[in-house]
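Chain residues, written in single-letter form:
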Amino acid sequence: QDSLKVISRQLFQNKQSSFKEDCEFISNIFDKHCGNCASFSAYYLSIANRLGIKNLYPVLAPNHIFVRYNNVFTKFNIETTQKGENYGEISSNG
């Protein structure tokens, strides 16, 4: 889970990237320092994959996408449009 904090820090704090609905491509994160739920989530998942972090999945909701960490011990959502905020552990019923 420490690796996930590093990804969030790199993506949001160091780069000062911000949310903009029309920044739909991953390249916008680098060129314009902006992104939306799709581009931030795709970038987050790409970095995690490159680092060998498993158990991360995209979650599709109506008009939204975010990332979920899910293993046998814990499950939580990562909101990439809120600077990688972790919304706490999800119960096994959730």
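Here's a quick rundown of the structure.

About the cut-offs
- Each chain has its residues counted from 1, running along the sequence as written.
- In view of the model being predicted, local features appear only for residues whose pLDDT reaches at least 70, and side-chain atom pairs are presented and counted only at 80 or more, with totals across whole chains, interfaces and linings using the full set of residues.
- Values reported for side chains reflect all heavy atoms of the structure, with hydrogen atoms and water molecules removed beforehand.
- By the criteria applied, helices consist of DSSP H or I runs no shorter than four residues and strands consist of E runs no shorter than two, each listed in order from the N terminus.
- Any residue under 20% of the maximum accessible area for its type is buried, any over 50% is exposed, and the rest in between are partly exposed; the area is computed with a 1.4 Å probe on protein chains only.
- The contact criterion used is simple: two residues touch if any of their non-hydrogen atoms lie within 4.5 Å.
- Only the protein chains shown count as cover for residues, and the accessible areas themselves come from Shrake-Rupley with a 1.4 Å probe.
- Only buried residues count toward a nonpolar core. Its members are Ala, Val, Leu, Ile, Met, Phe, Trp, Tyr and Cys residues joined through side-chain atoms within 4.5 Å.
- DSSP bridges decide pairing: two strands pair if at least two such bridges lie between them.
- Pairs of cysteine sulfur atoms within 2.5 Å are what we label disulfides.
- For a helix, the expected span equals 1.5 Å multiplied by the residue count minus one.
- Between N or O atoms, a polar contact is any pair within 3.5 Å; within protein, one atom must be a potential hydrogen donor and the other a potential acceptor, and residues adjacent in sequence are included only when both atoms are from side chains.

### Some points on the overall build of the protein
Turning to step 1, where the next piece is worked out: Helices and strands together make up the secondary structure of the protein, namely 3 helices and 6 strands.
Turning to step 2, where the next piece is worked out: Counting over 94 residues, the protein shows a buried share of 40%.
Turning to step 3, where the next piece is worked out: Residue pairs in contact within the protein that sit at least 24 positions apart in sequence constitute 30% of those at least 6 positions apart.
Turning to step 4, where the next piece is worked out: Of the roughly 6000 Å² that the protein leaves accessible, carbon and sulfur atoms contribute 49%.

### As for the nonpolar core
Here is a general trend for soluble globular proteins: nonpolar side chains tend to be buried in one another's company.
Turning to step 1, where the next piece is worked out: If you look at the biggest cluster of nonpolar residues, it comprises 16 residues, and the most contacted ones within it are L4, Y44, L56 and I78.
Turning to step 2, where the next piece is worked out: Among the secondary structure elements, those contributing two or more residues to this core are α1 (2-14), α3 (37-50), β4 (64-70) and β5 (75-79).
Turning to step 3, where the next piece is worked out: For this core, the element with the highest residue contribution is α3, accounting for 6 residues.

### What about the pairing of strand β3 (residues 56-61)?
Turning to step 1, where the next piece is worked out: Pairing analysis gives 6 bridges linking β3 to β4, with the strands arranged antiparallel. In the strand pairing of β4, V59 is matched with F66.
Turning to step 2, where the next piece is worked out: Counted between consecutive antiparallel strands, the loop separating β3 from β4 contains 2 residues, among which N63 sits at a positive phi close to 60°.

### A few points about the state of the cysteines
Turning to step 1, where the next piece is worked out: Under the counting rule described, the total for this entry stands at 1 disulfide.
Turning to step 2, where the next piece is worked out: Paired through a disulfide, C23 and C34 show a sulfur-sulfur distance of 1.8 Å. Between C23 and C34 the disulfide shows an S-S torsion of about -70°. By sign, it is left-handed. Placement of the pair is C23 in the loop between β1 (18-19) and α2 (26-31) and C34 in strand β2 (residues 34-35), with a sequence separation of 11 residues.

### Points about α3
Turning to step 1, where the next piece is worked out: Over its 14 residues, α3 extends 20 Å from the first C-alpha to the last, a length consistent with the 20 Å expected when each residue adds 1.5 Å.
Turning to step 2, where the next piece is worked out: Listing the buried residues of α3 in full gives C37, S39, F40, S41, Y43, Y44, L45, I47 and A48.
Turning to step 3, where the next piece is worked out: N-capping of α3 is provided by N36, with a side-chain oxygen placed 3.0 Å from the backbone N of A38.
Turning to step 4, where the next piece is worked out: Backbone geometry just downstream of α3 places G52 in the positive-phi region, at approximately 80°.

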